[in-house]
Amino acid sequence: MNPPTPPHAAELFLHQTLKRVEDCVRRDPTKAVVVAMGTGLVLNLLPSRVLARATASIATRLLPPALLGLGVLKAFEICCEKDAARTPQER
C-alpha cells in the first residue's frame, strides 16, 4: 500500500480559501445571500457576448505562456526520468 501523497500548495490554498468562505457565510448568512444575489444579477444583466468576449480575450492571452510552462515542465520531467533510469556505473 502506497502512503498518501502530501497535498500541493495550490490544493492547500484552495482548501483554506473555501474554509474561510464557509466561516464567513456561517457568521453572516444574510450578507452572503445578498452578495450572491447581487453577483447573479450583475452577471444576468451583462450581455452574454461581453462575457464570452472577455473570457476569450483572457484565454488567448494566457494560453501561450501556460502551454510554454507546461512544455518546460514536461521536458524537465523527461530529463529527470532519464537521469534516474541510468545505473550508477553510467554516471
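Preceding block: the structure.
Since this is a predicted model, take the numbers as computed values, not measurements. (Residues numbered from 1 in each chain as written. Predicted model: local features only at pLDDT ≥ 70, side-chain atom pairs only at ≥ 80, totals over all residues. Heavy atoms only, no water.)

**Student:** What am I meant to see in the overall build of the protein chain here?
**Tutor:** For the protein chain, the count of helices and strands is three helices and zero strands. Relative to a compact globule of 91 residues, whose C-alpha radius of gyration would be 12 Å, the protein chain shows 22 Å and is clearly more extended. Considered along the principal axes of its C-alpha atoms, the protein chain spans approximately 70 × 35 × 20 Å. Within the span of the protein chain, comprising 91 residues, buried residues form 0% of the whole. A total of about 8,600 Å² of accessible surface is found on the protein chain, and carbon and sulfur atoms cover 70% of it. Each charge class in the protein chain can be summarised by its mean position, and for the 12 positive and 8 negative side chains these summaries are 11 Å apart. (Helix = DSSP H or I, 4+ residues; strand = E, 2+ residues; numbered from the N terminus. Rg over C-alpha atoms; globule rule 2.2 N^0.38 Å. Buried < 20%, exposed > 50% of the residue type's maximum accessible area, 1.4 Å probe, protein only. Areas by Shrake-Rupley, 256 points an atom, 1.4 Å probe, with all protein chains shown as cover. Lys, Arg positive; Asp, Glu negative; His and termini not counted. Charge placed at Lys NZ, Arg CZ, Asp CG, Glu CD.)

**Student:** What's the story with the environment of Pro6 in this structure? I'm lost.
**Tutor:** One can find Pro6 in the segment before α1 (9-27). A C-alpha to C-alpha distance of 40 Å links Pro6 and Leu41, two positions 35 residues apart in sequence.

**Student:** Can you help me understand a nonpolar patch on the surface in this one?
**Tutor:** A cluster of nonpolar side chains, namely Val42, Leu43, Leu46, Val50 and Leu51, defines an oily patch on the protein surface of about 380 Å² accessible area. Contributions of two or more residues to the nonpolar patch are made by α2 (29-45) and α3 (48-85). Inspection of the secondary structure puts Val42 in helix α2. Residue class for Val42 comes out partly exposed when judged on its relative accessible area of 48%. (Patch = residues over 30% accessible without salt bridge, like charges linked within 9 Å, V, L, I, M, F, W, Y side chains within 5 Å. Salt bridge = Lys/Arg side-chain N within 4 Å of Asp/Glu carboxyl O.)

**Student:** Honestly, the pattern of salt bridges in this entry has me stumped. Any pointers?
**Tutor:** If the charged atoms of two oppositely charged side chains come close together, the side chains can form a pair. This model, assessed by the stated rule, comprises three salt bridges. For Glu22, the salt bridge goes to Arg26, with nearest N and O atoms at 2.9 Å. Pair noted here: Glu22 and Arg26 are both in helix α1, with a separation of four residues, about one helical turn. The exposure class of Arg26 is exposed, given its relative accessible area of 62%.

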